[in-house]
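# Examination of the molecular architecture
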Amino acid sequence: MARIAVIGAGMGAMAAAARLAVAGHRVAVYERTRTYGGAVRRFERDGFRFDTGPGVLTLPAVYRDLFVKTGREPLEDCVDLVQVDPSSRHVFADGTEAALPNASRAGAVAALDEALGSGAGQRWGDFLVRAREAWDRTRRPLLEEPLWPDWEVLAEREPYPAVPHRRLLRTRRAGTLAEVGGRELRDARLTALLESHALAHGLDPRTAPASAAVLPYMEHAFGTWYVRGGLRELARAVHERCVARRVEFHFGAEVTGIVEKDGRAAGVELADGRVAEADHVVAGVAPGALEGLVRGAAVRGDGDVPAQRRAASRLTVLLALRGGRDEGAAHRTVVHAQDRDAELEALFGTAPGPAARPTVTVLRPDDASLVPDRGHEAVTLTAAVPAQAGPAQTEALRLHAENLITVAERALPGLRDRLLWHEVRTPADVREATGAEGGAIPAPALAAAGGRLLHPSNTTRTAGLFTVGGWSHPGGGLPHAGMSGALVAGLIVEGPDFRGSQ
Ligand SMILES: Cc1cc2nc3c(=O)[nH]c(=O)nc-3n(C[C@H](O)[C@H](O)[C@H](O)COP(=O)(O)OP(=O)(O)OC[C@H]3O[C@@H](n4cnc5c(N)ncnc54)[C@H](O)[C@@H]3O)c2cc1C
């Protein structure tokens, strides 16, 4: 039995902790805040409840596997997991609307043909077939296996297939997601649909590789899910599973350093001066935080993927509304920006800032536990914003929340008249919850783009020190961070020859 110290109680770290405890190790989690879940938090007031982190779950198989491997009760017995149908409704710049059924390619094709004109659905359907190829080529290395030592192969090879080009009489390979939209979808609304998947992860579709096609593919193939009571319930269930497996949690326990002995990680130092000795240390924190813990020593070996330094954040506006939720309202509506180029330039240009009229995701869960009674509704708005958490930027974003409400009115007419109060969550709140600089939120790892969107491996230069969660392989988002927990547990239990989760 080894002693394992886990830094942070984020979803990736807890997933690793539960698996390691089941493997017979003594696991202690040290979390600087007073609660578990990291980004997966909840805000409650006056009988209203809101998720302040993710609002939907994709690839629930990752958490199903975690529950199967760590106990007798499956995930479905621990949380009320429901499919979101339609998966998403889209309000495009020209006012056209389309609702895409959950996990049905044929259904999406029919819905898009009807909403956007015949041929549009087929083009989207054909795109999904190609996106599946990219998924099939990268699923193992970018989700289920430890980062390959020769990761350069993933960095250089674009897995999204080339498309035959009639006039040129040869195939042509898109370099970016924007090129996939322009050449293969050939409709500004379909392109907006495609690009919104990148934007939701804070990625610029003009520079994101074509391999980002796996993001919409994952939703279409495996569905979009919600956990009743809010996604925070998933964090609650994972925490309970850890406790049931005798993982020890120390809250309000900030780790200030990683102890090293003879070139091996040997424990953690805590802010109150205590030292917890351990045989392995698993760090589930952002790269800046980790560098602070090793006091400037290099975390990564020369051959590793460099840690990502830049990622976008989110602005979230929680709306308490009078009047009940409309029967049949979509769980998730994406209101697309009216000026796509202006939005991308504002977010990713030379002086990043929020877009004046951004793409806004409107979440309206059908969940009585989120409201004081059926005569009220809890609605959440989110938009991508740069990761900037200084006081002036935070103040500007608080005012910017009004713009999100204005945009959301296109999906929810009369919204302002129903508003009781609203609460704004800025990147500064994300930083507070996760410890990530600027409130940055990491995206899932993607192939190609020269490796710019890969994340560093779960092993480090220091023997016995592992990294888990959204900032290491295979990257951010609930499913990917959950998988990082499986990979780290595999690497510790089975050693460096571990070849991945089955
Ligand atoms: C607003 C928002 C919206 C999101 N939307 C989505 C979405 O729609 N879909 C999706 O899949 N994902 C989404 N995510 C991302 C997703 O929530 C995360 O990628 C996922 O929860 C994985 O988190 P993690 O394991 O990296 O840990 P984190 O959530 O980053 O948590 C890190 C933990 O480590 C702790 N910590 C940091 N430093 C120390 C220290 N020195 N000592 C002790 N503890 C420390 C922190 O307090 C925190 O609890 C969203 C995130 C946010 C913030």
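Residues numbered from 1 in each chain as written. Predicted model: local features only at pLDDT ≥ 70, side-chain atom pairs only at ≥ 80, totals over all residues. Heavy atoms only, no water.

## A word on the site of the ligand
Around the ligand, the surrounding shell holds 32 residues, and the nearest of these are Glu 31, Arg 32, Ala 39, Gly 470 and Leu 478. A distance of 2.5 Å separates an oxygen atom of the ligand from a polar side-chain atom of Arg 32. A distance of 2.8 Å is found between an oxygen atom of the ligand and a backbone nitrogen or oxygen belonging to Leu 478. Among the elements of the structure, helix 1 (11–22), strand 2 (26–31), helix 15 (427–434) and helix 16 (478–494) are those that each provide at least two residues to the shell around the ligand. Each residue belonging to the shell around the ligand can be placed in one class, and the counts come to 15 nonpolar, 13 polar and four charged. (Near = heavy atom within 4 Å. Polar contact = N/O pair within 3.5 Å; in protein donor to acceptor, adjacent residues only side chain to side chain. Helix = DSSP H or I, 4+ residues; strand = E, 2+ residues; numbered from the N terminus. Nonpolar A, V, L, I, M, F, W, Y, C, P; charged D, E, K, R; others polar.)

## Observations concerning the sheet that holds strand 22 (residues 465–467)
An order of 12-2-1-16-22 is seen for the five strands of this open sheet, with the pairing classed as parallel. Single-partner strands in this sheet number two, and they are strand 12 (248–251) and strand 22. In this sheet, neighbouring strand axes are inclined to one another by 20 degrees on average, regardless of whether the strands run parallel or antiparallel. Sheet topology places strand 1 (residues 3–7) next to strand 2; five bridges connect them, and they run parallel. Bridging from a neighbouring strand, Arg 3 pairs with Arg 26 of strand 2. (Pairing = 2+ DSSP bridges. Axes fitted to C-alpha atoms, helices over the stretch in contact; angles between N-to-C directions.)

## Notes on unusual backbone geometry
That bond from Asp 85 to Pro 86 is cis: its omega, 0 degrees, falls within 30 degrees of zero. In the segment running from His 473 into Pro 474, the intervening peptide bond is cis, with an omega of 0 degrees. Mapped onto the secondary structure, Pro 474 falls in the loop between strand 22 and helix 16. Even without glycine at this site, Asp 46 takes up a positive phi of about 50 degrees. With respect to the helices, strands and loops of the structure, Asp 46 is situated in the loop between strand 3 (42–45) and strand 4 (48–51). Taking relative accessible area as the criterion, Asp 46 reaches 55% and is therefore assigned exposed. The residue Arg 186 is not glycine, and still its phi comes out positive at about 50 degrees. Topologically, Arg 186 is positioned in the loop between helix 7 (177–185) and helix 8 (188–199). Given a relative accessible area of 55%, Arg 186 falls into the exposed group. (Buried < 20%, exposed > 50% of the residue type's maximum accessible area, 1.4 Å probe, protein only.)

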